[in-house]
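# Structure assessment
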Amino acid sequence: MEQLYTRWGKNLDCHHVLQEYPRPLLQRESYINLNGYWEYAITKAFKRPKRYDGRILVPFSPESVLSGVGRQLMPDEYLWYRTRLSVDFAKMRDGLRLILHFGAVDQACRVYVNGREAARHTGGYLPFSVDITEYCLYAEKRQEDTPEQLEPPELVVAVRDVSDTSYHTRGKQKLKRGGMFYTAQSGIWQTVWMEYVPDCYIEGIETEPVLEYAQGIAHGKVRICVRAGADRPVLLKIKEPALYQEATERLDKERVGIGREKTASADGLKWEAAMENVAVITQAKGMSNQEIEITLPNVRPWTCEEPYLYYVVATMGEDEATSYFALRTFSVEKDGEGIPRICLNGEVQFQNGVLDQGYWPDGLYTAPSDEALIFDITEMKKMGFNMLRKHIKIEPDRWYYHCDRLGMVVWQDMVNGGTYYKHWFVTYAATLFSRKRWLLQDNCLPLLSRAHREGRAEFVREMKETIRLLRGHPSIAAWVIFNEGWGQFHAKKMTQIARACDSTRLIDEASGWFDQSGGDMQSIHHYFFNLKFAPEKTRVTVVSEFGGYSLRIPGHSAYEKLYGYGIHKNLKDLNAAYRERMRKMEEQIADGLCACVYTQLSDVEEEVNGIFTYDREIKKIEKYPSLI
């Protein structure tokens, strides 16, 4: 194995790691970033270690080189984190609450503050929060020292990750990595942070934009619900979008140099200064936990070419938070030939996509910087792609924010789970069934690794939470429920549940095979045979994976062994094969093809079929000129 680094990993400032505000859909004027060096230990028993093994750079998993550990956590081991929290006891005594946020911890964890258990969480891809006010003040009450002499509260996190040895969600992680499955990672892998809030505070800002056309003129309104623990008066202000976005991006750049020890008050002053000259275009009053409808002047829909975002500032008592939304619709409409097509704002849009695994050679699941996330998105736009299929992984909120503001459509996969996959069935046999167009029911639960009722219930819970978490992002056009039968079960029922959670997006019920004739897509994976399909009457036809042509670049590949769906010896042959495959895709548009997803954005470990190498240093494939 050759350890690769991205340019951002090479230049990583270990004292200022991923400092940008981690939650753009619910943003306050200040926060405390806890990324940086923590103590860590790995034990065989679930017993707090007396001594720690060393330092780990949060939020990189211990398996990644950027963490400073480089060690695989095994299913029979426990990973422990320890740090001290810099808190303001006076604020908490005055009634403010201190909320601790974890972006993602893989897979299950317990959180302790000053030796007391404050939270438990299972689900390695979803965020969670805990109010630690009383746990901090509990230690203060037990000490006779003055507040200035109090020791900072101790935060300990205990993690267990059984990876692919159980039915829990795991994506493409595998303890015995190889081929299309990659190095398993564990522990904290997204930003950890804190914020002070009033006793009754804004817990969420839910937006439901409505875009309609009358005589060719766009009309728009938005329904906003401010979630809180009690009903309180709310003031909503819609800010002038272009100036607001410019101000927030400038503030984020300033934050990078501030560091985790910055004070909330200093950051708040910067926020107020940045927002001072941003005009309010309309406003409304109402109550929290109730829908407030606002008609918008000068309507501008969101498109890939002009990704226009509206920003909303919500004030409730002493609390203020911001969010954003966009006016756009994704739908299935029939064209002049009666063929169902994907439409953006009522206009046919061919969605030319690329599969995005979200892996990095130095950070694994964790991108080394915000700039790295932006690089992947902008480079794919330069390549002519207008859609990314986020493949069985949930990214940090900032990735979706960048897709929103840069105009990149997203298909979001649910993260797969289930016990050990029977590859003879879900890969080889399934390919044959798909080729022969044989319909196979997905109620054979043992064959699809879904015999455990607990695992099926967990998938439903996490699917609902994924949709709730991400549905505010305007760039998301489709939910992909199952991929290639990995942990698939009762797909039609899952589609009904997903539709009840969000009726505004398209649904790919079963990407690849084991199609149950539900959802909005006839979803085909096209690697080995000639592409043949017949348009359906109500569902659009998409090739949700194809290509996968491979070329290993010495010095930019992590392993000698390579995996792909067509191995080439040089860049000329690779690009010739790519152009020919894209040409054939283009020919199929007239026959009813509505979207295609090329495999893939970058190399990942042995799978060297990326447009870019794993380290993002060499672009192997050049832009195809005319697909969209």
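Here the structure is shown first, and the text comes after it.
Let us look at the structure shown here. Computed from a predicted structure; not experimentally measured.

## Some details on the nonpolar core
- In terms of nonpolar packing, the biggest core is built from 73 residues, with Met380, Met463, Met494 and Ile611 touching the most fellow members.
- For this core, the secondary structure elements donating two or more residues are helix 6 (370-382), helix 7 (397-406), helix 9 (453-470), strand 28 (476-483), helix 10 (491-501), strand 31 (540-547), helix 11 (571-588) and strand 32 (593-599).
- Dropping the residues within four chain positions of it, Met463 is found in contact with Met414, Ile481, Met494, Ile497 and Ala498.
- Val69, Leu79, Phe102 and Ile188 belong to the second largest nonpolar core, which has 38 residues in total.

## Regarding the pairing of strand 16 (residues 217-228)
- Note: strand 15 (residues 202-214) against strand 16, 12 bridges, orientation antiparallel. Counterpart to Leu211 in the pairing with strand 16 is Gly220.
- Here strand 15 folds back onto strand 16 in antiparallel fashion, the turn holding two residues, of which Gln215 has a positive phi close to 55°.

## Overview of the environment of Ile238
- You can see Ile238 is positioned in strand 17 (residues 233-239).
- Look at Ile238 and you get buried, because its relative accessible area is 0%.
- In this structure the C-alpha to C-alpha distance between Ile238 and Tyr310, which are 72 residues apart in sequence, comes to 6.8 Å.
- Contacts of Ile238, omitting those with residues within four sequence positions, involve Ile224, Ala279, Val280, Ile281, Thr282, Ile294, Leu296, Tyr310, Tyr311, Val312 and Phe325.

## A look at the layout of surface pockets
- Roughly 1100 Å³ of volume is contained in the largest pocket.
- Contributing to the lining of the largest pocket are 46 residues, with Arg23, Leu26, Pro127, Arg468 and Leu469 lying nearest its centre.
- Where the lining of the largest pocket is concerned, the elements lending two or more residues are strand 5 (97-102), strand 9 (128-131), strand 14 (192-197), strand 15, strand 21 (319-325), helix 6, helix 7 and helix 9.
- For the lining of the largest pocket, a count of residues per class yields 22 nonpolar, 10 polar and 14 charged.
- In this structure, the second largest pocket encloses a volume near 630 Å³.
- The wall of the second largest pocket is formed by 27 residues, among which Ser434, Arg435, Arg437, Gly512 and Ile524 lie closest to the centre.
- Among the elements of the structure, helix 8 (423-436) and strand 30 (521-526) are those that each provide at least two residues to the lining of the second largest pocket.
- Taken together, the residues of the lining of the second largest pocket sort by class into 12 nonpolar, nine polar and six charged.

## With respect to the sheet that holds strand 16
- Taken together, the three strands give an open sheet; going across it, the order is 15-16-19, and neighbouring strands pair in antiparallel fashion. Looking at the sheet topology across the chains shown, the edges are occupied by strand 15 and strand 19 (291-296). Here the strands of the sheet are splayed against their neighbours by 20° on average, with no regard to which way each runs.
- Where strand 16 lies against strand 19, six bridges are found, and the strand directions are antiparallel. Note on strand 19: the bridge partner recorded for Arg223 is Glu293.

## Comments concerning helix 11
- Under the 1.5 Å per step criterion, the end-to-end length of helix 11 is 26 Å for 18 residues, consistent within 8% with the ideal 26 Å.
- What helix 11 keeps buried is the set Leu574, Asn575, Ala577, Tyr578, Arg581, Met582, Met585 and Gln588. What you see down the axis of helix 11 is that its buried residues fit within an arc of 160°, all on one side.
- Contact partners of the buried residues in helix 11: strand 25 (351-356), strand 30, strand 31 and strand 32.
- Two to three positions downstream of the cap, the backbone nitrogen of Lys572 sits 3.2 Å from a side-chain oxygen, assigning the N-cap of helix 11 to Asn570.

## Examining the sheet that holds strand 17
- Across the sheet, which stays open at both edges, the four strands sit in the order 18-17-20-21 with antiparallel pairing between neighbours. The open sheet has two edge strands with one neighbour each: strand 18 (280-287) and strand 21. Here the strands of the sheet are splayed against their neighbours by 20° on average, with no regard to which way each runs.
- Pairing between strand 17 and strand 20 (residues 310-316): five bridges, direction antiparallel.

## Here's the deal with unusual backbone geometry
- In this model, Asp106 is joined to Gln107 through a cis peptide bond whose omega is 0°.
- Topologically, Gln107 is positioned in the loop between strand 6 (105-106) and strand 7 (108-113).
- At the junction of Thr599 and Gln600, the peptide bond is cis and its omega measures out at 10° in the coordinates.
- Tracing the backbone through its elements, the reader meets Gln600 in the segment after strand 32.

Rules of the game
Residues numbered from 1 in each chain as written. Predicted model: local features only at pLDDT ≥ 70, side-chain atom pairs only at ≥ 80, totals over all residues. Heavy atoms only, no water. Core = buried A, V, L, I, M, F, W, Y, C linked by side-chain atoms within 4.5 Å. Buried < 20%, exposed > 50% of the residue type's maximum accessible area, 1.4 Å probe, protein only. Helix = DSSP H or I, 4+ residues; strand = E, 2+ residues; numbered from the N terminus. Contact = heavy atoms within 4.5 Å. Pairing = 2+ DSSP bridges. 1 Å grid on protein atoms, 1.4 Å probe; cavity = no way out; pocket = protein on both sides within 12 Å on 5 of 7 lines; lining within 4 Å. Points joined across faces, edges and corners; volume = space filled by probe spheres on them. Nonpolar A, V, L, I, M, F, W, Y, C, P; charged D, E, K, R; others polar. Axes fitted to C-alpha atoms, helices over the stretch in contact; angles between N-to-C directions. Expected span 1.5 Å × (residues − 1). Arc of directions from axis to C-beta. Polar contact = N/O pair within 3.5 Å; in protein donor to acceptor, adjacent residues only side chain to side chain.

Nothing here speaks to function; it is geometry throughout.
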